[in-house]
Amino acid sequence: MKINKILVSQPTPTDPKSPYYEVASSNNVTIDFRSFIQVEGLDAKTFRKQRIDILSYSAIVFTSKFAVDHFFRLCTELRVAVPEMMKYFCISESIAVYLQKYTVYRKRKIFHAAGKFAELVDIMKKHKEENYLVPLSDVHKEEIPLLLDKAKLTYKIATFYCTVSSDLHDVDIKQYDLLVFFSPQGIASLRENFPDFEQNDTAIAAFGPVTGKAVTDAGLRLDLQAPTPECPSMTMAIDNFVKRQNKK
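Residues numbered from 1 in each chain as written. Predicted model: local features only at pLDDT ≥ 70, side-chain atom pairs only at ≥ 80, totals over all residues. Heavy atoms only, no water.

**Topic: the environment of Ile173**
Turning to its location among the elements, Ile173 is positioned in the loop between β8 (154-165) and β9 (178-181). Residue Ile173 is classed as buried on the basis of its relative accessible area of 5%. Measuring from C-alpha to C-alpha, the distance between Ile173 and Gln245 comes to 20 Å, with 72 residues separating the pair along the chain. (Helix = DSSP H or I, 4+ residues; strand = E, 2+ residues; numbered from the N terminus. Buried < 20%, exposed > 50% of the residue type's maximum accessible area, 1.4 Å probe, protein only.)

Here it is as structure tokens:
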């Protein structure tokens, strides 16, 4: 199969130096971007069904900017005044800085890791007296509760927003030679939006073993898996795959 047109199931990169553009240029292929999933916040009525008393927690754990936005949005809708002494534990510095949109940045109440949840848990373990609230999507990484349980922390995971399939009715999926996915939800969106999709010669790439398993569980053929020791990024994997396929 020759690769001429690629669809990446993510939003268009804002960085003009994104490696995707280099892959497209060096291989003379077209790469389009379209998010297959989107985030929708819960309304106050739906959130209340979880019986979460936000003010009963002394610390909030943020793993994404989505979590930050929807936490403070729901606090406003629920008329919950977040106390000044509330502590925040963020998975990365960029999320910690993003908190300035909603609260005054003070080092004594905002802590952050370098991008890995395991690192964040190590920081949280130094504050075992806290009662942690973890705002997440209805679909989240399994490692989060596992690591929190292992650390014997007091916590509650609550759904503040949901991951749903995007409306892709305007996408002509048949024109693409390679489809690139990054989550099982992306595969579910493919099936939901294109119930009659037949793979045939269309190649499918998946990032991560969980996404790869979702591809095969959906009865599809997995042609490209990343990361690997040789290709730690999806762009490197795509670049090698396209070069290999187009040489045939």
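There's more to say after this.
**Here's the deal with the pairing of β9**
The alternating pattern of β9 places Leu178 and Val180 on one face and Leu179 and Phe181 on the opposite face, and all of these are buried. Relative to strand β10 (residues 203-207), β9 runs parallel, the two being bridged by four bridges. Looking across to β10, one finds that Val180 is bridged to Ala205. Of the crossover connections in this fold, the one passing from β9 over helix α7 (residues 184-193) to the parallel β10 is right-handed. (Pairing = 2+ DSSP bridges. Right-handed = clockwise from strand over helix to strand, strands pointing away.)

**Topic: the packing of helix α5 (residues 117-124) against helix α6 (residues 143-150)**
Orientation of α5 relative to α6, taken along the N-to-C sense of each, is 30°, at an axis distance of 10 Å. Comparing their axes, α6 and α5 come out roughly parallel. For the crossing formed where α5 meets α6, the hand is right-handed. Touching Phe117, Ala118, Val121 and Met124 of α5 are Glu143, Ile144, Leu147 and Leu148, all from α6. Its residues assigned to classes, the contact of α5 with α6 shows seven nonpolar, no polar and one charged. (Axes fitted to C-alpha atoms, helices over the stretch in contact; angles between N-to-C directions. Parallel < 35°, antiparallel > 145°, perpendicular 65-115°, else oblique. Left-handed = near helix turned anticlockwise from the far one by under 90°. Contact = heavy atoms within 4.5 Å. Nonpolar A, V, L, I, M, F, W, Y, C, P; charged D, E, K, R; others polar.)

**A word on the sheet that holds strand β2 (residues 30-33)**
The strands that make up a sheet pair up through hydrogen bonds in the backbone, lying either parallel or antiparallel. With parallel pairing, five strands are arranged side by side in an open sheet as β2-β1-β9-β10-β11. The open sheet terminates on both sides in strands that have one partner only, identified here as β2 and β11 (224-226). On average, each strand axis in the sheet is tilted by 20° relative to the strand beside it, whichever way the strands run. As defined by bridge partners, strand β1 (residues 5-8) adjoins β2 across four bridges and the pair is classed as parallel. Directly across from Lys5, in β2, lies its bridge partner Thr30. Contacts from helix α8 (residues 209-217) reach β9, β10 and β11 within the one sheet, and its direction differs from that of β10 by about 145°.

**Focus on the pattern of salt bridges**
Here the structure, examined in full by the defined rule, presents eight salt bridges. The residue Asp217 makes a salt bridge to Lys213 at a minimum N-O spacing of 2.7 Å. On the criterion of helical spacing, the pair formed by Asp217 and Lys213 is a turn pair, its members being four residues apart in helix α8. The partner of Arg221 in a salt bridge is Asp223, with the nearest N and O atoms 2.7 Å apart. The class of Arg221 is partly exposed, set by a relative accessible area of 33%. (Salt bridge = Lys/Arg side-chain N within 4 Å of Asp/Glu carboxyl O.)

So, to be careful, I would describe these as geometric facts and stop short of saying anything about function.
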